[in-house]
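Commentary on secondary and tertiary structure
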Amino acid sequence: MVTPAAREIAPDRLVRPFWQRARYWLALAGFVIVGAVLVGTLSDHPGQPLDPASAHQDGSKALARLLADYGARVSTTTSLDTAMRGRTGPTSVVVTAPDDYSTDQLRGLVGVAARVVLVRPDTRAVAAAAPQITVKADAGFGSFPDCAEPGGAATGPIVLPGDARAYDPGRSGATSCFGGVLLVAPRLVVLGSAQALQNDHLAEPGLAALDINAITDSRRVASVVWLLPGGDTQGPGPASVWALFPDGAYRAFCWLIAVGGLIVLWRARRLGGVVTEALPVIVRSAELVEGHGRLYVRAGARDRAAAALRHATALRLAARLGLPRGAPAGQVAVAVAAVVGRTSAETAGILAGPPPVDDAGLMRLALDLDHLEAAASGATNEGTQL
């Protein structure tokens, strides 16, 4: 009920506390949005490493353009099933990350594809494709072909990148070029360098010719499928959802969690004790009691409502009977029983019994408490008159 004496409060004073609480979170949200926009706008790394659509230093867009200029049709996929489906014709499947695939996946791809190019596979991956091929323990490769394979011999001297890895063909029948950096078999090619396919190394002597001859079988293959790692990889490690995000997304997410925790701790230290404020309107006591009762009904908190009724009744009875404030319910029950002529068990059941199980039980408890307090009040008044 609003009375003329109630002091009017300007709307801006009601809005200001909300703004003060929310401004830090709004500022943080704006900072994250602006940062995401800037990263998406200014980043020159739209794809993952060796992506034929990426112009970044570790992308392979330059090589894809060269292959297209030589008449090869380059298609990109992240699905192993797509790379394996219908690839019985003259098609090369370039596996940019063979280590991410399981042994069974690599064996299945090599078994159905006409030509598979594995880019810098590790010991397990190369053994899955050809068990006789192993990784050389020493870096005994050279810059000259030193092989009779037409594509390797036509490449001529090259400058090998720093990540070059050599392989031993064993009894696989593959031809070894450049000291094992390039192994060429009728349906399998092992290229021991991923940097040789990257944009920033493609201009080095001989690397472009090496890549084109290895991938297209000296320009005899006109279709190239570029297989990038996707969600179907089943390598030695468990599949992770972070494989779907760009590099560094996991670290950025961890940093955001850490910063958010620091902000929470910083804001929590500024919180003090509860401050009571005067209501802007005058509320009748009956309305306040009714509002609390409706909250109890909505929450189904019969136990709390019964405890509140019993506690208030016990306080009033203790004050009327001269007991100390805060006396336990059992002591109050014994004192009330002696006054009203009832047993201690009966009064204890009313003042400290189990909570009611339904609304009807709560109503009976309220009536019992009212009758008990009325009886105690009548008895003490009669005793005073006597």
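Some thoughts on the overall build of the protein
A tally of regular secondary structure across the protein gives 13 helices and nine strands. For the protein, the proportion of its 386 residues judged to be buried stands at 34%. Look at the contacts in the protein between residues 6 or more apart in sequence, and 67% of them connect residues 24 or more apart. Of the roughly 22,900 Å² of accessible surface on the protein, a fraction of 60% belongs to carbon and sulfur atoms.

Let's talk about helix H10 (residues 302-321)
Across its 20 residues, H10 extends 28 Å between first and last C-alpha, which sits within 8% of the 28 Å expected from 1.5 Å per residue. Among all positions of H10, only Ala305, Ala306, Arg310, Thr313, Ala314, Leu317 and Ala318 are buried. Following H10 by one or two positions, Gly322 adopts a phi angle in the positive range, close to 80°.

With respect to a nonpolar patch on the surface
A cluster of nonpolar side chains, contributed by Leu279, Val281, Val283 and Leu288, occupies part of the molecular surface with about 340 Å² of accessible area. Residue placement: Leu279 occurs in the loop between helix H8 (249-269) and helix H9 (285-299). Assessed through its relative accessible area of 62%, Leu279 is described here as exposed.

Details of the state of the cysteines
According to the stated counting rule, one finds one disulfide in the structure shown. Two residues, Cys147 and Cys177, share a disulfide whose sulfurs are 2.0 Å apart. The S-S bond linking Cys147 to Cys177 shows a torsion near 95°; that makes this disulfide right-handed. With Cys147 in the loop between strand E4 (134-135) and helix H6 (150-155) and Cys177 in strand E6 (residues 175-177), this pair connects stretches of sequence that are 30 residues apart. In this structure Cys147 comes out as buried when scored by relative accessible area, which is 19%.

Considerations on the nonpolar core
Side chains of nonpolar character tend, in soluble globular proteins, to be buried together. Within the largest apolar cluster, 31 residues are counted, with the highest numbers of intra-cluster contacts made by Leu63, Val94, Leu182, Leu197 and Trp226. Mapped onto this core, the elements with two or more residues apiece are helix H2 (61-69), strand E3 (115-119), strand E7 (182-184), strand E8 (188-191), helix H7 (207-216) and strand E9 (223-227). For this core, the element with the highest residue contribution is H7, accounting for six residues. With sequence-adjacent residues up to four places away left out, Leu182 is seen in contact with Thr175, Ser176, Cys177, Val189, Val190, Leu191, Leu210 and Ala214. Ala113, Ile133, Tyr167 and Ala174 belong to the second largest nonpolar core, which has 25 residues in total.

Analysis parameters
- Residues numbered from 1 in each chain as written.
- Predicted model: local features only at pLDDT ≥ 70, side-chain atom pairs only at ≥ 80, totals over all residues.
- Heavy atoms only, no water.
- Helix = DSSP H or I, 4+ residues; strand = E, 2+ residues; numbered from the N terminus.
- Buried < 20%, exposed > 50% of the residue type's maximum accessible area, 1.4 Å probe, protein only.
- Contact = heavy atoms within 4.5 Å.
- Areas by Shrake-Rupley, 256 points an atom, 1.4 Å probe, with all protein chains shown as cover.
- Expected span 1.5 Å × (residues − 1).
- Patch = residues over 30% accessible without salt bridge, like charges linked within 9 Å, V, L, I, M, F, W, Y side chains within 5 Å.
- Salt bridge = Lys/Arg side-chain N within 4 Å of Asp/Glu carboxyl O.
- Disulfide = S-S within 2.5 Å.
- Core = buried A, V, L, I, M, F, W, Y, C linked by side-chain atoms within 4.5 Å.

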